[in-house]
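Summary of structural features
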Amino acid sequence: MLKHNNKYYRQFLGLFFGLMVILSVPVQGQSRKTVSGNVIDEKTKESLIGVSVKLKSTNKGVATDAKGNFSIQAQAGDVLIVSYIGYDTQDVPVGDKDFLKITLNANLKDLNEVVISVGYGKTKKADITGSVAQANVGDMAKAPVPSFDQALAGRMAGVQVASSDGQPGAEGVNIVIRGANSLTQSNAPLYVIDGFPVVSPDNGAINPADIASLTVLKDASATAIYGSRGANGVIVIETKKGKNGAPVISYSGSYGFQRVEKTMDMMSAYDFVSYENELNPTTTATSYFTNNRTLDSYKDITAIDWQDQLFRTGATQIHNLALRGGNASTRYSISGSTYNQDAIIINSGYKRYQGRVVLDQNVNDKLKVGINVNYTSSGYSGQQASEAAKSNSSTSTLLYGIWGYRPVTGGDNSSLLNNVVDDAVDPQTDYRINPIVSAENEYRHTDQSNMLSNAYINYSITKKLVLNITGGVNNRTTKTGSFFNSLTSRGTPLIPSNTKGSNGSIYNNERNIWSNENTLTYKTTINEDHQIDAVGGFSLQGIHDMTNGFAASQVPNESLGVNGLANGVDDGKVTLDSRSKLQSYLGRVNYGYKGRYLFTASFRADGSSKFVSGQRWGYFPSGAFAWRMSDESFMKNITTISNAKLRVSYGLTGNNGVGDFSYLPVVAITTKSNYSFQNASPSQGLAVTALGNSALKWETTAQADIGYDLSLFNNRIDLSADIYRKTTKNLLLLADLPPSSGYTSVYKNIGRVQNQGLEFTVNTVNIKTNNFTWESNFNISFNKSKVLDLNEGQQSILSSVSWETNFNASPLYITNIGQPISQFYGYVFDGIYQKSDFNTTAAGGVGTLKAELATNGNARDVIKPGDIKYKDLNGDGVITAADQKVIGRTTPIHTGGFSNNFTYKGFSLGVLLTWSYGNDIFNANRLIFDGNARASYNLNQYASYANRWTETNPSNTLYRAGGQGPLGYYSTRTLEDGSFLKLKTVSMSYTIPTQFTQKLHMKSLSVTAAAQNLYTFTKYTGMDPEVSTKNSALTPGFDYSAYPYARTLVFGLNASF
Amino acid sequence: MHALWFLVLTHRFKILIMKKIIYVLGSMVILLTFNSCKKFLDTTPVDSLSPVNYYATESQLNTALTGVYDELAQTGLYGDYMIARLALDGDEGFYRISTAKTGVAVMAADPTDIYITANWKVLYEAINRANVLLANIDKPVMDETRRGVIKGEALFLRAYYYFILVSNYGKVPLILKSASSASASDVNVAQSSVKEVYDQVYADMVTAEGLVNTAQTVGFGGRVNKSAVQGILARVSLYMAGAPLNDAAKYNDARTWAKKVIDQGYHALNPSFQQVFINYAQDRYDVKESIWEVEFFNDASALEIGRVGSNNGILQTADANSPYSYGYTQTTGRLYSSFATGDLRRDWAIATYRFSGSPAVKTNWTAAQIYERNGAKYRREYETATPVNKNGGGQNFGLLRYSDVLLMYAEADNALNGPTAAAIDAVNQVRRRGYGKTLNGETVSTIAVTTAGTGYTAAPTVTITGGGATTAATATATVSGGRVTAVTITGSGQFYTSAPTVAFSGGGGTGAAAIATITKTADANLTAAQTASAATFLKAIQDERSRELCFESLRKRDLVRWGIFNTTMTAVAAEFAANASTATKFGALAFTNAQARDVLWPIPTSEISLNKALTQNTGW
């Protein structure tokens, strides 16, 4: 696989660099009296509009136009002063040149002047009192990914981004800010998109190229203004708006390839047959040692490579087009994009079409109005790799088929390649079907359309007092269609338990959210020393969810696919409709004294319809103090320190993440509660399904944060460190009820969880010369969770995952009071029983296991040399449930990112490394493919298992064929270190010199290349350690049949006109 | 506290300026609040049913009642686990899976056992459904008689679920009203004593008995009827009379309730023992014999299939086109040998053959292979409904048969009065049906060669005539050395009144003669020794219950209430050591494992870890 990739890479890299060399030959200018020129940003290469260009001698000057061009009368001895807000002023001697190409450097000293969106307002970075991180959206946009969340990993301290697997389009990216608070509910942050708060938005709906800024609010002083929804952190996204100046058209497009990052080495034909022979000599003799074949014959037979057939070179195509401009009163931005991806597994992919219009109008001095409308239509398709087609059977997943399908038969392989099932497999217990046929035939389509529109009215009552009213609507529809014909795992009649025949379903979900926010902002400075920035407001939001759909079985006309479902037999219908509402009052005051002592206090009151009247209202105050020491006299003189700030904050935030009506009892008529009288079709029966809990109220998180910001050497080094502790109490927990109540569980405000951690960020400008710069960002986060309390009297929660019938009831995770949320739990693998562990029989053969050695859960008399051995923790001589213990950690000790940006003249190179350290992954694939726990016949194994225990190869790591011991035991054998370091994103670009682009009437043109998931350094033996196919706070880090990650390489153009 | 801090901070700022803001903000808030501040947050569910609004009509009450029935067929109860997986068959059989070293099936459970956990959960879920229904029973305006029927069935079912609980778990929380809140005080209910639970079960069933319809009116066994209530009341009374309560006064109640069923004159034994079970397989009702049964429905997508015949049938896993059966139960030698010659029940209750290969082929077990045989009362090969699902079908499971009522009557009567003619007759009715007397009358039992004759070159034809048979017996002769050496009966005939005549013809020889004897009804009856005393009669009844009711998930609790569970299990363990073949010796596990604590199951961990008001059963 790697070989193929290298070939592609070499070809394209060669082409790319060749092009750059040709284009970078310098060009000479000519001499005249009118001097013209062009001013661009040193980093972004974008033209700068309205730059002041003055003659030093006369102080007369001009400003650059919308294309960054200027023209001025000057003499050869003149010096031009070029200045622009936020940039270093430059003196440029005219000399004999008549065209001047001027590059301005962003003024690093003014970093603290950067304005950051903090929710209900913006604050200068210098004045921020809380823990707020801003992403480098420019760098993020260079990653060839469909949505911003996939480019967020490693960018910011305290923001942990992990994907479940590489399935395209599926909502697999999990963002957790400062550790999980909740055990059973979502830990996803709140998103505020252009001022519109959305819980669990479709992140794919936002074009990453449209994002102007992305800010993460982490501590309570920053998030408490979002009160009840702030506990998991807040991500504030602002999209790009129109700018003053002539219309600018910008285009960026890229095209590229994807290959699977890693495949597994499977057994050769010889190894496979030799394994089968050990497992079941009788059958092997009749099925493999026929046609004059012996075991040795298989040495010359090539194995079928099923992975090679499933994985393909995917293609990615991205186009972004935008028109932006404006004048003093009107600014506009119109943008559109397409993203098209044929993913690396056949018949799977993702596509998106998106458009956005932003309009800002100053009606008069006092009144501004604006609108921002985004529409996205997207869809993804393909078999869900990690989902079992048959309920909870490991044998019905896509990769089980790929890895498990035989590499060879005893005769001609063509029937194996072409038939839907393998005749040598027992369809009663093993549901594998030809994975290629299955992947080609399984129809799964999810189509989404998403419209997010916002409008605002901004009225300055006085210069200091501004009223802002916004209204927004988000309409989202998701249509999911699936169809399983007779050539799929769920539809084939060749598996006897498939009773539904060809079947499928259509589900439509519609989610409408409306929101209204009204704020008054007052800003003033009194006596130059007292700065006050206060905001107060009122907001309303409503969410309406509707789902309907049906499933049908025994569908007669397969060729019609989902559209033929109407002819099938009713297999269940769904109609759901639910609403929730939120009403809020909010206020915040920032007070600064001489810019040195900064105070913030905020308060929010939220009322939620999810609780019973009387418990609806929650109150969330916060306070913060910051001290800019660098402005104090004792520090002012230390020239190496350009900024030093201490921040301290404390506050309360909440969470109402339960069902809209979790407080109410429910009775329901379900198919499962029916009963058949007198052999008639079952009559409807009523189930009492939910107790409801009228005592439900807000979950509250109290968070304290101490942070320190330090900038050294004229901002060349910028450090930021935060230490925090947050304690969540009245946890909204789906708590188990004693079964005697007749109910399984109920939402309760119960339990306490603590998260504490440390975050550290360093931004450095390592080298900065006229032609070459090197900048780095390093961030690292440590988080430790601790459960302080569980459901009344409960000491621990055991959690299991459903993936394989024989293991589904075995717990793999434990959450103990006083310990982290969810740790791996199981047996300790203790090697393999060797011959010396057994008594010798009178005849000199191998007898029973020596009495002083513990069993492995099987009866002593059936244990043989080569069988798996577990540690007998309680020393009672037998392995029982009591011999399980905590065997690993599910969460990393630290995660982080290290990015480096290099520029040399027109070249730029960005490299992002991300890592995760200290977490374990349970590689369940190895239970099946590195030892065949189910002892299935004709199931291929990983190549590694060829080294198993045999009489002549007394392995102490891999048990003999059939030596797996009792089923359902999770042990450290397949628990692996999940630490990794990923070369996540590499981006390169070359900006073609303005001289050339001007001739083409272009403002700028650059060629780009970008790569994603280039390489992973890890000890993990599975496909990728960034995996969690059963992801939840209680069941993380589980790997079974994950969709592999793709290595993506794209080449493109950025142009603006 | 936090709010206070906020206020103090606020106070520090220029109050005048703040006033202005607060004024504007305030007026805005007032404006909006005026509208509908309170109503804004009021939402009601529109897609789910609330118990507050439901139970408003008769049909809704019936739907709720169906939900209470539904639980009988769930996995944790008779849909799966109560059949062949919870070791409820006591000394009658053992769990086929030789690798099963732990779990309730081999009496090596622990309180986390998934089968016990599921059983407990489904019972209380059922009780909760009944409780909510009973709490709302008076809501609709409707015919009071029909309301009474719904109430009676719900009361009875709840009592039956408690009966399963108390007889298997001992002290359990007795919850007669659904929890009103999620608070610990409402959901952590302490255990009531065994007596309190039984008293409630008994009282509720007595109330139900007066409300439900008669078996004739109901017309099929799938719905609770008066006879079912009476019969189960007899069973409850016997359990109360036995261990652990040992309330001897209850024998009288047991006798009374059983007698009520008998005295109706409506119920009767099906002439054919095996037909009772074929009826279950073929979804046919015979409410005269099968008074109450759990109903299953064959369509897998309707989620009402059951594992009757699948868990406890004859093992068949190879042939995908024949009904699949896990065949979890194999018989003990003790059960097999308890059947006397002539007892036709043995070869129906215990398999005479096994299935192998695909297509499945029947092969007879040899006479030596006893422990190898599956329990075979419920045979999926007789199912007629299609398609045949792998994991179960529509075969019903009997919860109360008339033969059980007869045996309960005899047992109670014997406890009160010693062996009476009525009690003995009740047992003999069951035995006579078991021997086929009602189906076949008297049959040819032996044919002995009296004269061997000479010159036979081939087997002569055997002709059996006379004797008043409705169907004549048939037989074949064996010839050796020109002489007829034996006659083998191939058909026993039906309804002989006297011994028939046996004649030989053909075969090239002459002179052979034979004499036939016929059975006597009295062969089926208990012997005088068995009915000699109350003690011997009790022993006879105990054995008879096993022969008649084996594999119907009743035996373990019978042994427990008689106080002979542990001695019996130990004895069976010894029999395994002495008699079982090498391949089936593993089956002794459940019997060697059984200890005093096993008369009850443990309170599951899932319950006791949350409900701190509970105490675990002794020994667990």
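Residues numbered from 1 in each chain as written. Chains lettered and ligands numbered in written order. Predicted model: local features only at pLDDT ≥ 70, side-chain atom pairs only at ≥ 80, totals over all residues. Heavy atoms only, no water.

Structural notes on the environment of A:Ala269
Residue and element names in this part refer to chain A. As a reminder of what qualifies: Counting from the N terminus, the helices are DSSP H or I runs at least four residues long and the strands are E runs at least two residues long. Note on contacts: a residue pair is in contact if any heavy atoms of the two residues lie within 4.5 Å.
By secondary structure assignment, the location of Ala269 is in helix H4 (residues 269–279). Placed 286 residues apart in sequence, Ala269 and Val555 show a C-alpha to C-alpha distance of 40 Å. Not counting the four nearest positions on each side in its chain, Ala269 is found in contact with Tyr298, Ile301, Ala303 and Val408.

Quick word on the packing of aromatic side chains
What counts is decided by this rule: Pairing of aromatic side chains requires ring centres within 6.5 Å, counting the rings of Phe and Tyr and the six-membered ring of Trp. Pairs whose planes differ by under 30 degrees are stacked, by over 60 edge-to-face, and all others tilted. Three exposure classes are used, based on accessible area relative to the maximum for each residue type with a 1.4 Å probe and protein chains only: buried under 20%, partly exposed in between, and exposed over 50%.
Applying the stated criterion to the full structure yields 72 aromatic pairs over all chains. Residues A:Trp803 and A:Phe807 carry aromatic rings whose centres are separated by 5.4 Å and whose planes lie at 35° to one another, so their mutual orientation is tilted. Ring centres 5.2 Å apart and planes at 70° place the aromatic pair B:Phe156 and B:Trp292 in the edge-to-face group. In this pair, B:Phe156 is assigned in helix H5 (residues 144–169) and B:Trp292 in strand S4 (residues 290–294), connecting sequence segments 136 residues apart. Per residue, the accessibility class of B:Phe156 equals that of B:Trp292, and both read buried.

Quick look at the interface of chain A and chain B
The parts lose accessible area when they come together, and the size of an interface is often stated as this lost area. Put simply, the rule reads: Here the quantity called buried area is the accessible surface, traced with a 1.4 Å probe, that two parts lose on coming together, added over both. Within this document, salt bridges are pairs made up of a side-chain nitrogen of Lys or Arg and a carboxyl oxygen of Asp or Glu, the two lying within 4 Å of each other. Whenever a nitrogen or oxygen atom comes within 3.5 Å of another N or O atom, the pair is scored as a polar contact, on the condition that within protein one atom can donate a hydrogen and the other can accept it, and that pairs from neighbouring residues in sequence are kept only if both atoms are in side chains.
Each partner contributes to the interface: chain A provides 86 residues, whereas chain B provides 86 residues. Both sides together, the interface formed by chain A and chain B hides about 7,400 Å², and carbon and sulfur atoms give 69% of it. Inspection of the chain A/chain B interface yields one salt bridge. Salt-bridge contacts for B:Asp42 lead to A:Arg616; the nearest nitrogen and oxygen are separated by 2.9 Å. If you look at where chain A meets chain B, you find 17 residue pairs in polar contact (both at pLDDT 80 or more). The greatest single-element share of the side of chain A that touches chain B, amounting to eleven residues, is contributed by strand S26 (residues 569–593) of chain A.

Some thoughts on the pattern of salt bridges
Residue and element names in this part refer to chain A. Tallied over the entire structure, the rule returns 76 salt bridges over all chains. Residue Asp705 pairs with Arg647 through a salt bridge whose shortest N-O separation is 3.9 Å. Pair noted here: Asp705 is in strand S32 (residues 699–712) and Arg647 is in strand S29 (residues 641–655), with a separation of 58 residues, a long-range link. In this pair, the class of Asp705 matches that of Arg647, namely buried.

Notes on a nonpolar patch on the surface
So the rule is basically this: Nonpolar side chains (Val, Leu, Ile, Met, Phe, Trp, Tyr) within 5 Å and like charges within 9 Å form the patches, drawn only from residues with over 30% relative accessible area and no salt bridge. Only the protein chains shown count as cover for residues, and all accessible areas are computed by the Shrake-Rupley method using a 1.4 Å probe.
Where nonpolar side chains cluster on the molecular surface, the patch consists of A:Val648, A:Ile706, A:Ile723 and A:Leu758 and spans about 320 Å² of accessible area. With respect to the helices, strands and loops of the structure, A:Val648 is situated in strand S29.

Comments concerning unusual backbone geometry
A cis geometry characterises the amide bond from B:Ala243 onward to B:Pro244, with omega recorded as 5°. With respect to the helices and strands, the residue B:Pro244 is situated in the loop between helix H9 (226–241) and helix H10 (250–263). For the peptide bond that leads from B:Ser358 to B:Pro359, omega is 5°, which places it in the cis range. Within the chain, A:Glu528 stands out as a residue other than glycine whose phi angle is a positive 60°. Its place among the elements puts A:Glu528 in the loop between strand S24 (503–526) and strand S25 (530–553). Phi angles above zero are rare outside glycine, and A:Gln678 is one such case at about 55°. Structurally, A:Gln678 can be placed in the loop between strand S30 (666–669) and strand S31 (686–690).

Things to note about the confidence of the model for chain B
Do not read the fine detail of predicted coordinates wherever pLDDT is low. Residue and element names in this part refer to chain B. The condition is simple: pLDDT expresses, on a scale from 0 to 100, how confident the predictor is about each individual residue.
Here chain B averages 91 in pLDDT, and 94% of its residues register 70 or above. Per-residue pLDDT stays below 50 along residues 1–18; that stretch engages in 21 contacts with residues further than four places along the chain or on separate chains. Ignoring residues within four places in sequence, the model shows residues 24–31, a span with pLDDT below 50, making nine contacts including any to other chains. Confidence metrics for the complex model read pTM 0.80 and ipTM 0.90.

Side note on the sheet that holds strand S2 (residues 52–55) of chain A
Within a beta sheet, neighbouring strands are joined by backbone hydrogen bonds and run either parallel or antiparallel to one another. Residues and elements named next belong to chain A. Rule in force here: Any two strands are treated as partners once DSSP identifies two or more bridges connecting them. Interaxial angle, 0 to 180 degrees, is taken between N-to-C directions of lines fitted to C-alpha atoms, where a helix line uses only the stretch in contact.
Strand order in the open sheet formed by four strands is S3-S2-S5-S6, with antiparallel pairing between adjacent strands. Whereas interior strands pair on both sides, the edge strands pair on one side only; in this sheet they are strand S3 (61–63) and strand S6 (90–93). Each strand axis lies, on average, 25° off the axis of its neighbour in the sheet, ignoring direction. Pairing analysis gives four bridges linking strand S5 (residues 79–83) to S6, with the strands arranged antiparallel. In the sheet register, Ile81 faces S6, and the bridge partner there is Asp91.

Some points on the pairing of strand S7 (residues 361–364) of chain B
Residues and elements named next belong to chain B. Alignment of strand S6 (residues 353–356) against S7, held across four bridges, turns out to be antiparallel. Paired with Arg354 across the strands is Thr363, a residue of S7. Adjacent in sequence and paired antiparallel, S6 and S7 are bridged by four residues, among which Gly357 carries a positive phi angle near 75°.

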